[in-house]
Amino acid sequence: MKLYAQHGALDGDKSLRGAQQNLIEGIIYSPRDLTLDGLRGKLRDVASTCPTTSRLFDPQFYTCFLADEEDARLGYLATDYTAYLGKRRRAQLERESQVRSDLESALNFQRQLAVTAIIAPNVLIPRSFNSIEAVIAKNFIRYAAETWSGLKDPRELYATVAISSQALRERRELFEFLNEITLLEERPAGIYLLVATPTADARYDMFDPYVVGGYMLANHVLALNGFSVINGYSDLLSPFLGAAGGAVGATGWWSNLRSFSLERFEPSAGMARRPRPRYLSMNLLNRITHFELHALRNRLPGVLNGLATDAGYPADSGSLPDAGAEMLQSWEALKTLMQRLATGETTEALAKCKEAVERAGRLYDNITIQLDQKSKDDHLEGLHAGLTQFATLAEIDSTA
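Quick look at the structure, then. Note that the structure is a prediction, hence the values are computed from the model and not measured.

## Observations regarding the packing of helix α8 (residues 171–182) against helix α10 (residues 209–224)
Relative to each other, α8 and α10 sit at 20°, their axes nearing to 10 Å. As summarised for this structure, α8 and α10 are arranged roughly parallel, according to the angle between their axes. The element α8 and its partner α10 pack so that their crossing is right-handed. Contacts between α8 and α10 involve R171, L174, F175, L178, I181 and T182 from the first element and P209, Y210, G213, G214, L217, A218, V221 and L222 from the second. A class-by-class count of the residues in the contact of α8 with α10 yields ten nonpolar, three polar and one charged.

What follows is the structure in structure tokens.
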């Protein structure tokens, strides 16, 4: 499984440094946060200095229903990317001609960019597969490969599948939806899979057992049927999705780049606070604050990863990371986790994942200091139960 950077605001040179240090193998760019000229410049820089790094562009077409909302936070989408993105009503997108037109516009736009593969546009399925949005989404997926083949471009196409965590819980409908995708006559090379949470910091939602199990199932079914699955905004779930068959996981440096939510584009409720620096502990399967790391690093060395980027959290500075070190540490830790857990046959990988969750629980049991809410172990129960649910749904003997 590969790790990509999920690009967003205040990138600076984070993504480029990650690619140069071989901590990430691709970058998914966000037009909301880049002028078109800026995007072209970043694509050019990565192509010249890191030619093997995959370069993708998320058209973020799922924001089309927000385009005329007052104070919507669409950034440069509203000014530099109107060649393919404009306000759409659901009734408009029920027409096949409009879907085909929007597909052609977005795909033609990307053909002019120095990307290594193409991501087709789509809308978000917000609540249920039995909805107008689901019908529209299936049409975007159905016509994507056909439209792309007509443009005679050799690059691979990924169809966007954006599903809310609520819809993911409906098992029968999920199976039917996945079945429709796998039976497509003309198919894209892969799927850019997004699972949307109500808010950008919906920790409990993403670690809900039904969400974990359904997310893994979607990767498993699509991979078994020959699709390469890129999981956008998948962050700490990436190794588990890789164990189920996912090809790529992605994450970034803010909470809204670690889970997918339209809240990022909606009118703001107020100023956000700058987050505390955190350290991704592979053995805890979680990020802890730098001062928690400092309190634990000597009394409980198991929280440390023993990787090169640990040097960015010097003990003689209270474990406060150097500028730019936090994201590099996070990528190295996550990539290493993926290499350890998302390997071998599904049964073998699933066993490794369960052991990792159980090991994290044992390490947490030895922590005696008071932890920040996000640093606690409340995600482990959902992960463990989600792994069991996936094994049942996929008919895998997880006890083997």
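From this point on, the discussion continues.
## Examining the environment of A162
Residue position: A162 is located in strand β6 (residues 156–164). According to the relative accessible area criterion, A162 is buried, its value standing at 2%. On a C-alpha basis, the gap between A162 and G232 in space is 9.6 Å, while along the polypeptide they are 70 residues apart. Apart from the residues lying within four places of it in its own chain, the contact partners of A162 are V123, L124, I125 and L194.

## Remarks on the pairing of strand β2 (residues 26–29)
In β2, alternate side chains face the same way, and those of G26 and I28 on one face and I27 and Y29 on the other are all buried. Across three bridges, strand β1 (residues 2–6) lies against β2 in parallel orientation. Across the sheet, Q6 pairs through a bridge with I28, a residue of β2. As for the winding sense of the linkage, the β-α-β connection from β1 through helix α1 (residues 14–20) to β2 is right-handed. Summarising the sheet, β2 and strand β3 (residues 54–57) pair through four bridges and their orientation is parallel. Pairing of I28 across the sheet is with L56, part of β3. In this fold, β2 hands off to helix α2 (residues 36–49), which returns the chain to β3; that crossover is right-handed.

Scoring rules and cut-offs
Residues numbered from 1 in each chain as written. Predicted model: local features only at pLDDT ≥ 70, side-chain atom pairs only at ≥ 80, totals over all residues. Heavy atoms only, no water. Axes fitted to C-alpha atoms, helices over the stretch in contact; angles between N-to-C directions. Helix = DSSP H or I, 4+ residues; strand = E, 2+ residues; numbered from the N terminus. Parallel < 35°, antiparallel > 145°, perpendicular 65-115°, else oblique. Left-handed = near helix turned anticlockwise from the far one by under 90°. Contact = heavy atoms within 4.5 Å. Nonpolar A, V, L, I, M, F, W, Y, C, P; charged D, E, K, R; others polar. Buried < 20%, exposed > 50% of the residue type's maximum accessible area, 1.4 Å probe, protein only. Pairing = 2+ DSSP bridges. Right-handed = clockwise from strand over helix to strand, strands pointing away.

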